[in-house]
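Coordinate inspection notes
Listed here are the chains, written in short residue letters.
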Amino acid sequence: VLLFQPLSARVEAPEEAGVLRALLVACDDFVTQPDTAPSSYNNLISLRRALLRDARGYRSIRVSLNQALDGEGFRALAAEAFSGAGPRDMSLVYLSTHGLQSGDGQDFVALMSDGTRERGLSGADIHRALRDIPGVKVLILDACFSGAAIGKGLDAPRVSSPFTGPDFKVLTSAGGDEPSFLWTDGEGTVRG
């Protein structure tokens, strides 16, 4: 008799997975720092290949190479790359370039260069560009002193960073007070 009774179990549709998007930014040609070619470019290409193989699938992977982006230029690039993002989406930003410390030593500055012009893109600039994009933002900062963007590895660490909260996940290749570099030239000779 029990076998023929209607079941009252709720059937729910599986939660729809979010959309994945990526913005990969690299600079190798500089005015005030040694060129790193082809290292940042190779890092960008390697990560792009890995993302293309990701079984979850990326809806878009935007690439920017050797652009002298300031805060506004980066904001426009991010807005385009993550256009249409929703609350369940993930937006990945990878940045490979020379990194500097801000004048007060409390922030990271990415050196953005096309080989003729250079601009500084601070951690605060990056946060302003990404903060209003819905969903989770995964930020990979592959540069010297990049930990300063999240207040890690500083002599006088900040209590919190602008990237604090559940919508930001940040990985850095260095503390806020340390270099992090290894690159080779086109012939494979280690240059730095």
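Quick caveat: nothing in here was measured; it's all calculated off a predicted structure.

Our focus in this paragraph is the sheet that holds strand 2 (residues 58-65). The strand order across the open sheet built from five strands is 2-1-3-7-8, with neighbouring strands paired in parallel fashion. In the strand order of this sheet, the two ends are held by strand 2 and strand 8 (168-172), each with one partner. Neighbour to neighbour, the strand axes of the sheet diverge by 10° on average, direction disregarded. Note that strand 3 (residues 90-96) and strand 7 (residues 136-142) share seven bridges and pair parallel. Residue pairing for strand 7: valine 93 is matched across the bridge by leucine 139. Against the sheet, helix 2 (residues 71-81) engages strand 1 (20-26), strand 2 and strand 3, with an angle of about 150° to strand 1. Where helix 3 (residues 123-130) meets the sheet, its contacts fall on strand 3, strand 7 and strand 8, and the angle it forms with strand 7 comes to roughly 155°.

Strand order across the open sheet formed by three strands is 4-5-6, with antiparallel pairing between neighbours. Edge positions in the sheet fall to strand 4 (98-101) and strand 6 (118-122), since each has one partner strand and no second. For this sheet, the mean angle separating the axes of adjacent strands, direction not counted, is 35°. Of the pairings in the sheet, the one linking strand 5 (residues 108-113) to strand 6 comprises five bridges and is antiparallel in character. Bridging across to strand 6, methionine 112 finds its partner in arginine 119. Along the sheet, helix 3 contacts strand 5 and strand 6; its crossing angle with strand 6, the most-contacted strand, is approximately 70°.

Here we come to the pattern of salt bridges. Within this structure, the stated rule accounts for seven salt bridges. Taking the shortest distance from any N to any O, the salt bridge between arginine 75 and glutamate 72 comes out at 2.8 Å. Here arginine 75 and its partner glutamate 72 are both found in helix 2, three residues apart, which amounts to about one turn of the helix. For the salt bridge of arginine 117 with aspartate 114, the shortest nitrogen-to-oxygen distance reads 2.9 Å. We classify arginine 117 as partly exposed; its relative accessible area is 42%. Overall, aspartate 114 belongs to the partly exposed group, its relative accessible area being 25%.

Attention now moves to the packing of helix 2 against helix 3. Between helix 2 and helix 3, whose axes approach to 9 Å, the crossing angle comes to 35°. Note on packing geometry: the crossing formed by helix 2 with helix 3 is right-handed. In this structure, helix 2 contributes Gly71, Phe74, Arg75 and Ala78 to the contact, and helix 3 contributes Asp125, Ile126, Ala129 and Leu130. Its residues assigned to classes, the contact of helix 2 with helix 3 comprises five nonpolar, one polar and two charged.

It is worth spelling out the confidence of the model for the protein chain at this point. Low pLDDT marks stretches whose predicted atomic positions should not be read closely. Confidence in the prediction for the protein chain averages 89 pLDDT; 87% of positions are at 70 or higher. Low pLDDT (under 50) marks residues 1-15, which in the prediction has one contact with non-local residues, meaning those over four places away or in another chain.

Right, let's talk about helix 2 for a bit. Buried residues of helix 2: Phe74, Leu77, Ala78 and Ala81, and no others. Across the axial projection of helix 2, the buried residues extend over an arc of 95°, all falling on one side. Where helix 2 is buried, its residues contact strand 1, strand 2, strand 3, strand 6 and helix 3. The N-cap residue of helix 2 is aspartate 70: its side-chain oxygen and the backbone nitrogen of glutamate 72 are 3.3 Å apart.

By secondary structure assignment, the location of lysine 137 is in strand 7. Only 2.7 Å separates the side chain of lysine 137 from the backbone oxygen of isoleucine 133, close enough to count as a polar contact. Among residues more than four places away in sequence, those in contact with lysine 137 are Ser91, Leu130, Arg131, Asp167, Phe168 and Lys169.

Conventions and cut-offs
Residues numbered from 1 in each chain as written. Predicted model: local features only at pLDDT ≥ 70, side-chain atom pairs only at ≥ 80, totals over all residues. Heavy atoms only, no water. Pairing = 2+ DSSP bridges. Helix = DSSP H or I, 4+ residues; strand = E, 2+ residues; numbered from the N terminus. Axes fitted to C-alpha atoms, helices over the stretch in contact; angles between N-to-C directions. Contact = heavy atoms within 4.5 Å. Salt bridge = Lys/Arg side-chain N within 4 Å of Asp/Glu carboxyl O. Buried < 20%, exposed > 50% of the residue type's maximum accessible area, 1.4 Å probe, protein only. Left-handed = near helix turned anticlockwise from the far one by under 90°. Nonpolar A, V, L, I, M, F, W, Y, C, P; charged D, E, K, R; others polar. pLDDT = per-residue confidence, 0-100. Arc of directions from axis to C-beta. Polar contact = N/O pair within 3.5 Å; in protein donor to acceptor, adjacent residues only side chain to side chain.

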